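# Summary of structural features
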Amino acid sequence: MKLSARILVGASTLLVLASTVGCAKLKARDRLVKGVQAFKAGRFEDAVNFFQESIRLDPSYDVARLDLAAAYSSQVVPNLDTPENLKVANQALEQFNIVLSKNPHDVIALRQIASIHRNIKLYDQARSDELKVIAEDPNDSQAFYTIGVIDWTQAYKNATTTLGATGLVDDGNGNVKKSKDVCAKLQQQNATLVQTALENLNKAVEINPKYDDAMQYLNLTYRRKADLECGNDAARKDDLAKADDWVAKATGARKANEAEKEKKLGGGVEMK
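Let me sum up the structure you'll find in this document.

Definitions and limits used
- Residues numbered from 1 in each chain as written.
- Predicted model: local features only at pLDDT ≥ 70, side-chain atom pairs only at ≥ 80, totals over all residues.
- Heavy atoms only, no water.
- Helix = DSSP H or I, 4+ residues; strand = E, 2+ residues; numbered from the N terminus.
- Buried < 20%, exposed > 50% of the residue type's maximum accessible area, 1.4 Å probe, protein only.
- Contact = heavy atoms within 4.5 Å.
- Disulfide = S-S within 2.5 Å.
- Core = buried A, V, L, I, M, F, W, Y, C linked by side-chain atoms within 4.5 Å.

## Quick look at the overall build of the protein chain
The number of helices and strands found in the protein chain is 10 helices and 0 strands. Listed by position from the N terminus, the elements making up the protein chain come as α-α-α-α-α-α-α-α-α-α. The buried share among the 272 residues of the protein chain stands at 38%. For the protein chain, the proportion of contacts with a sequence separation of at least 24, taken over those separated by at least 6, is 58%.

In structure tokens:
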């Protein structure tokens, strides 16, 4: 075969391959669109099938992979320990981790992984995930908030368990009836957790001054701090005063947020 003929055949082959690849990418995008439509309609199994087909047609299509992971993630039921629920959670984690293997700085994937770990009660892992989010986005108020909530949750569990072992029920006001030994044990268990919870929740409010949920958890965390003021009633009362102050701030912030939301929806009247 002459050189010119070989070049012509080679060029024709490349053109066919390019056309095939282009056609596959178009089909992949079509499946993605259909998957998104199914997802929005709440047909998650159909969405998963469309996203899987999109990836099969274009394995490099990271948008489809993120959407597939999100479709799995949306089916994870928080705090449910059934094998089926954990299987779906792991399927979502697998896809998000593939995305991270290509781009370790993908904040969306990092946030979703943290959420999944939290939903299946892997709190230490979720906390670690949120720290990675903060490393990528130091102004992510939700990541700081989530770490604060995780630390408060552990402190609350420690307090109720330790108090319950001595026949006490948490009163949320420092539990002045507890013994010195119980107070010392709570200090050992919760001092660091309370401190880090306060730091992270305050940071969340610093970033987002209208973060009413973070304010509410600051209230709850100061009530855990009141447990630790062994024999110092003035310090306990000061903690409770700060807790009440955060309740008032949270109420005000929530009302302001609701008013702003109504205004955006056209249901509010701007006061002069």
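## Side note on unusual backbone geometry
One non-glycine residue, K121, lies in the positive phi region at around 65°. As for its position among the elements, K121 is in the loop between α5 (107–119) and α6 (123–136). Looking at K121, the relative accessible area reads 35%, which means it is partly exposed. Here N175, not a glycine, exhibits a phi torsion of approximately 50°, which is positive. Tracing the chain through its elements places N175 in the loop between α7 (141–164) and α8 (180–207).

## Observations concerning the state of the cysteines
Summed over all chains, the structure comprises 1 disulfide. The disulfide partner of C183 is C230, and the S-S distance across this bridge is 1.9 Å. One quick way to see it: the torsion about the S-S bond of C183 and C230 is about -100°, and its sign makes the bridge left-handed. Of this pair, C183 sits in helix α8 while C230 sits in the loop between α9 (212–226) and α10 (233–264), and the two are 47 residues apart along the sequence. Judged by its relative accessible area of 35%, C230 is partly exposed.

## Overview of the nonpolar core
In a soluble, globular protein the nonpolar side chains are often hidden away together inside. F96, Y145 and A214 are the most contacted members of the largest nonpolar core, which has 57 residues in total. For Y145, the contacting residues outside a window of four places in its chain are N200, L201, A204, Y211, D213, A214 and Y217.

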